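Close look at the chain arrangement
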Amino acid sequence: MEDVNVLWFVGSLAFLAGMAGGALLYHLLAGPRSDRGKMENQLKDLEADFKQYQDSVADHFNTTAHLINKLTDSYKDVYEHMASGADVLCEDDRVKNKLSDSLISSSALLSGQIPKRRTERTKPLEQPLDYAPKSAPDEKGTLSEDFRVTPEAEEAVSNQKAS
């Protein structure tokens, strides 16, 4: 009978050891999978949120572009109204030209171009020069060794060197 009790005790101990080993094995192998599954779900949620954010940004800029186009059309309507009013209501040519020039310049600001005005033609801007330009083609340049050197100045220099 003692052998049966020992057998039951060893069997129970083996059963408990198997349960503990199985739980440990499940925790080691399946635990990271469940954590990975949680992380994958989190990643999918973040990707969906990011996609929604991108869509809302695209919608915002599309709406902004549409509103700017409407604003530009309204500006053109006001411009045409002012131009036609100036032609009809103003009889003085000087006033018409002045109004036309200011309307053209405001139109240029909107379009990003600066047209030439009828009343004044400006000389285009040039890059500043780091030398004095020649007034005649046969004149010596400013970088020449004998630029504006006169015979009297040469004698004075040679006399100083000799002394």
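What you see is a predicted model, and the numbers here were worked out from it, not measured in a lab. (Residues numbered from 1 in each chain as written. Predicted model: local features only at pLDDT ≥ 70, side-chain atom pairs only at ≥ 80, totals over all residues. Heavy atoms only, no water.)

1. Here's the deal with the overall build of the protein chain
Under the convention used in this document: Secondary structure elements follow DSSP: runs of H or I of four or more residues count as helices, runs of E of two or more count as strands, with numbering from the N terminus. Between buried and exposed lies partly exposed: a residue is buried under 20% and exposed over 50% of the maximum accessible area for its type, with that area taken using a 1.4 Å probe on protein chains only. Note on contacts: a residue pair qualifies if any of its non-hydrogen atoms lie within 4.5 Å across the two residues. Calculation of accessible area relied on Shrake-Rupley with a 1.4 Å probe; when residues are assessed, cover is drawn exclusively from the protein chains displayed.
Counting its regular elements, the protein chain contains three helices and zero strands. Ordered by position from N to C terminus, the α and β elements of the protein chain give α-α-α. For the protein chain, the residues scored as buried account for 4% of the 163 residues in total. Long-range pairs, those at least 24 residues apart, make up 22% of the contacts in the protein chain with a sequence separation of at least 6. In the structure as shown, the protein chain presents an accessible area of about 15200 Å², 59% of it carried by carbon and sulfur atoms.

2. Comments concerning helix α3 (residues 151-162)
To keep it simple, the criterion reads: By this rule the span expected of a helix is its residue count minus one, scaled by 1.5 Å.
The end-to-end C-alpha separation of α3 is 17 Å, in line with the 16 Å expected for twelve residues at 1.5 Å each. Counting buried positions along α3 yields zero of twelve residues, so the element is predominantly exposed.

3. So, the pattern of salt bridges
For clarity, the cut-off: Whenever a carboxyl oxygen of Asp or Glu lies within 4 Å of a side-chain nitrogen of Lys or Arg, that contact is scored as a salt bridge.
With the rule as written, the count across this model stands at one salt bridge. The salt bridge involving D55 is made with K51; its shortest N-O contact spans 3.8 Å. With a gap of four residues between them, D55 and K51 both fall in helix α1 (residues 2-89), about one helical turn apart. Note on D55: relative accessible area 36%, which makes it partly exposed.

4. Focus on a nonpolar patch on the surface
How we decide: Only residues whose relative accessible area exceeds 30% and that form no salt bridge enter a patch; like-charged residues are grouped when within 9 Å of one another, and nonpolar side chains (Val, Leu, Ile, Met, Phe, Trp, Tyr) when within 5 Å.
Taken together, V6, F9, V10 and L13 make up a surface patch of nonpolar side chains, about 400 Å² in accessible area. The residue F9 is located in helix α1 in this model.

5. Section: the confidence of the model for the protein chain
Just so we agree on the cut-off: A score between 0 and 100, pLDDT records how confident the predictor is in each residue.
This prediction gives the protein chain a mean pLDDT of 78; 77% of its residues lie at or above 70. Here helix α2 (residues 93-111) is the element of the protein chain with the lowest mean pLDDT, 64, and α1 is the one with the highest, 86.

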